[in-house]
Amino acid sequence: KDMKLNDNIMFPYPVKGIADNVISPPIEVEITDESTVSEYIFRINVISLNDEDIQKLIDEDKAVYACEISCSYTMLLRSVLNKQGNFRIRLPRKRVGKRIDFTIAVLAKEQIDNYTNKNFHPDFLNQGFVFNLNPGEVLAKVSTFHVDADITYEKLKAIESILVVRRHFSQD
């Protein structure tokens, strides 16, 4: 299942980074492009989640950072999970084209019963709302971004391996 998290999506429970349902400082993330001629390389580091309750769930191994990479042009879909929020994503240029979408989020690793967060919007917090979350459900939207992938170079190299182009001189 594709993890498309844009600002218009709504969840039946508060998610940090979407709307104002969780009120705390924004998540700090650093994204570095280290791409080469033959592959895209992106380093994604979450510097600070700025949410103690979600960080505690990660520390207790109940939640995890996830980075989903998708390219609808080549049907590539890859998910990488880790506890630290540090990713080094490597994609051969010949495996992607047109646009590469990245979504970084914090997901529940297991069933989380009676989830609450001291940073919930007062509409949830003052009413005493708690939520039962299933594995894979989103706790925080860390970042979404896309890269325009240019595959012209790879296309030319692929054609070169199939065809041999020679100059032809005609005698008139």
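Scroll up to find the structure.
Calculation notes
- Residues numbered from 1 in each chain as written.
- Predicted model: local features only at pLDDT ≥ 70, side-chain atom pairs only at ≥ 80, totals over all residues.
- Heavy atoms only, no water.
- Helix = DSSP H or I, 4+ residues; strand = E, 2+ residues; numbered from the N terminus.
- Areas by Shrake-Rupley, 256 points an atom, 1.4 Å probe, with all protein chains shown as cover.
- Buried < 20%, exposed > 50% of the residue type's maximum accessible area, 1.4 Å probe, protein only.
- Pairing = 2+ DSSP bridges.
- 1 Å grid on protein atoms, 1.4 Å probe; cavity = no way out; pocket = protein on both sides within 12 Å on 5 of 7 lines; lining within 4 Å.
- Points joined across faces, edges and corners; volume = space filled by probe spheres on them.
- Contact = heavy atoms within 4.5 Å.
- Axes fitted to C-alpha atoms, helices over the stretch in contact; angles between N-to-C directions.
- Arc of directions from axis to C-beta.
- Polar contact = N/O pair within 3.5 Å; in protein donor to acceptor, adjacent residues only side chain to side chain.
- Phe/Tyr/Trp six-rings, centres within 6.5 Å; stacked < 30°, edge-to-face > 60°.
- Lys NZ or Arg CZ within 6 Å of the ring centre and 35° of its normal.

### Topic: the overall build of the chain
So, point 1. Helices and strands together make up the secondary structure of the chain, namely 3 helices and 9 strands.
So, point 2. From first element to last, N terminus to C terminus, the chain shows the α and β order β-β-α-β-β-β-β-β-α-β-β-α.
So, point 3. If you sum the accessible surface of the chain, you get close to 10600 Å²; carbon and sulfur atoms cover 50% of it.

### Considering the pairing of strand β3 (residues 63-71)
So, point 1. Judged by how many residues are buried, β3 sits mostly within the fold: 9 of 9 residues are covered.
So, point 2. Here β3 shows two buried faces, one formed by Ala 63, Tyr 65, Cys 67, Ile 69 and Cys 71 and the other by Val 64, Ala 66, Glu 68 and Ser 70.
So, point 3. Where β3 meets strand β6 (residues 98-108), 8 bridges bridge the pair, whose relative direction is antiparallel. What sits directly across from Glu 68, in β6, is Thr 103.
So, point 4. Strand direction decides the pairing type here: β3 and strand β4 (residues 76-82), joined by 7 bridges, are antiparallel. Looking across to β4, one finds that Cys 67 is bridged to Val 80.
So, point 5. Connecting the antiparallel pair β3 and β4 is a turn made up of 4 residues, with Met 75 showing a positive phi of about 65 degrees.

### What to know about empty space enclosed by the protein
So, point 1. What the rule picks out here adds up to 1 cavity of 30 Å³ or more.
So, point 2. Taken as a whole, the largest cavity spans an internal volume of roughly 30 Å³.

### Describing the environment of Arg 88
So, point 1. Position of Arg 88 relative to the elements: it lies in strand β5 (residues 86-92).
So, point 2. The residues touching Arg 88, leaving out its near neighbours within four places in the chain, are Glu 34, Ile 41, Phe 42 and Arg 43.

### Considerations on the sheet that holds β5
So, point 1. Taken together, 3 strands build an open sheet; the order of strands is β1-β2-β5 and the sheet is antiparallel. Edge positions in the open sheet fall to β1 (28-33) and β5, since each of these has one partner strand only. This sheet shows a mean twist of 15 degrees between the axes of neighbouring strands, independent of strand direction.
So, point 2. Here β1 pairs with strand β2 (residues 39-48) via 6 bridges, running antiparallel. Pairing of Glu 30 across the sheet is with Asn 45, part of β2.

### Section: helix α1 (residues 52-59)
So, point 1. Among the residues of α1, those classed as buried are Ile 54, Leu 57 and Ile 58. End-on view of α1: buried residues confined to an arc of 100 degrees, all on one side of the axis. Exposed side chains of α1 directed beyond 90 degrees from the buried face belong to Glu 52 and Lys 56.
So, point 2. Of the surrounding elements, those touching the buried residues of α1 are β3, β6, β7 (112-115) and β9 (138-149).
So, point 3. Of the residues that open α1, the one with a side-chain oxygen 3.2 Å from the backbone nitrogen of Asp 53 is Asp 51.
So, point 4. One or two steps after α1, the chain reaches Asp 61, where phi turns positive at roughly 65 degrees.

### Some remarks on the packing of aromatic side chains
So, point 1. Tallying each qualifying case throughout the model produces 11 aromatic pairs.
So, point 2. With a centroid separation of 4.5 Å and an interplanar angle of 5 degrees, the aromatic rings of Phe 102 and Phe 145 are classed as stacked. Within this pair, whereas Phe 102 is found in strand β6, its partner Phe 145 is found in strand β9, the two being separated by 43 residues in sequence. The pair Phe 102 / Phe 145 is uniform in exposure class, with both members buried.
So, point 3. A centroid spacing of 6.2 Å and a plane angle of 20 degrees characterise the contact between Phe 129 and Phe 131, whose relative ring orientation is stacked.
So, point 4. Residue class for Phe 131 comes out buried when judged on its relative accessible area of 12%.
So, point 5. Positioned above the aromatic ring of Tyr 40 is the side chain of Arg 93, whose terminal nitrogen or guanidinium carbon lies 4.0 Å from the ring centre.

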